Amino acid sequence: MDKNEKETTFIKLSTELLSSSEGEVSSDEEDYKVNDEIEGDTPTFSLNINNEKALKKKLDSIKNKGDKMTPGVIYLGRIPHGFYEEQMRSYLDQFGTVNKLKLYRNKKTGKSRHFAFIEFASNEVAEIVAETMNNYPLSNRLLRCKIVPEEKINQHMWIGANKVYKPEPYLKAELKRRTKKKSLKQVENKIQKLVKKEEMKRKRLKDLEIDYDFPGYAASVMPKSKHIIFENSDDEKKKKKKKK
């Protein structure tokens, strides 16, 4: 399984977990065209006072278990812009120890794909977080938080986890790629594609019975030189002898 297939697998998993509570949905960034930048360094999560007290009691009882804890993984979906790795970790640390955090991003642009996987040191903490954060409103979005089944967890989903995201100069790299000096073969291939497109265009005009002609790229392409092979008289004699 290559990297692209692994990425697709986890996108499908995120879609399954997201759709389990709200029907068929897409986890891609096309669903998030509205600017959802969060004001300030970290978002504000306000819980009911009674719920907050009950939550603290649960977390304190789990902390007392110490080394007996087993890790648990949650899926966090419908993440708005501005709630990135740093903000996410600073908030989730109040629940318990976060072992791994992976926010999925677009490979080219680096923009958030609006879903993440987080591993807590305790599976009980993970369950509390899933219960607390599911359907939580954040920046005009209802967060989706689910426990990831153990059979669907593997090490490939954590590639690049816990790393500080550094935006790559995408536009600069793209400009360099486009302005890079091309070889003679690359230029020839490009010209062939352009001429082929023109031929298709001419054919469409002809099918539409439009009497219009234009020189286009075909007129600027130099015709290939024809190589004339002259055979020596001695060579001709040898060929005749072989035939006999």
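Worth saying up front: this structure is predicted, and the values here are computed from it rather than measured. (Residues numbered from 1 in each chain as written. Predicted model: local features only at pLDDT ≥ 70, side-chain atom pairs only at ≥ 80, totals over all residues. Heavy atoms only, no water.)

Draft legend 1. Here's a closer look at the UniProt feature "coiled-coil region" (unreviewed entry) in the chain. UniProt annotation of "coiled-coil region" (unreviewed entry) refers to residues 177–211 when read in the numbering used here. Structurally, residues 177–211 is divided into 77% helix and 0% strand, and its ends, taken at the C-alpha atoms, are 40 Å apart. (UniProt positions renumbered as here; feature names shortened; annotations may be inferred. Helix = DSSP H or I, 4+ residues; strand = E, 2+ residues; numbered from the N terminus.)

Draft legend 2. Here's a closer look at helix α4 (residues 123–133). Within the sequence span of α4, burial applies to V125, A126, I128, V129, A130 and M133. The distance from a side-chain oxygen at the start of α4 to the backbone nitrogen of E124 is 3.2 Å, and the residue carrying that oxygen is S122. Once α4 ends, the next one or two residues include N135, with phi positive near 65°. (Buried < 20%, exposed > 50% of the residue type's maximum accessible area, 1.4 Å probe, protein only. Polar contact = N/O pair within 3.5 Å; in protein donor to acceptor, adjacent residues only side chain to side chain.)

Draft legend 3. View of the environment of K152. The residue K152 is located in the loop between β6 (144–147) and α5 (170–179) in this model. In this structure K152 comes out as partly exposed when scored by relative accessible area, which is 35%. Considered as a pair, K152 and L13 are 139 residues apart in the sequence and their alpha carbons are 8.2 Å apart.

Draft legend 4. Up close: the packing of aromatic side chains. Applying the stated criterion to the full structure yields 7 aromatic pairs. Look at Y104 and F115: their rings are 4.8 Å apart centre to centre, the planes differ by 15°, and that puts the pair in the stacked class. Of this pair, Y104 sits in strand β2 (residues 98–105) while F115 is found in strand β3 (residues 112–120), placing the two residues 11 residues apart along the sequence. By relative accessible area, Y104 is classed as buried at 1%. Assessed through its relative accessible area of 0%, F115 is described here as buried. The ring centre of Y84 lies 5.1 Å from the NZ or CZ of R105, which sits over that ring. Just above the ring of F214 sits the side chain of R202; from NZ or CZ to the centre is 4.2 Å. (Phe/Tyr/Trp six-rings, centres within 6.5 Å; stacked < 30°, edge-to-face > 60°. Lys NZ or Arg CZ within 6 Å of the ring centre and 35° of its normal.)

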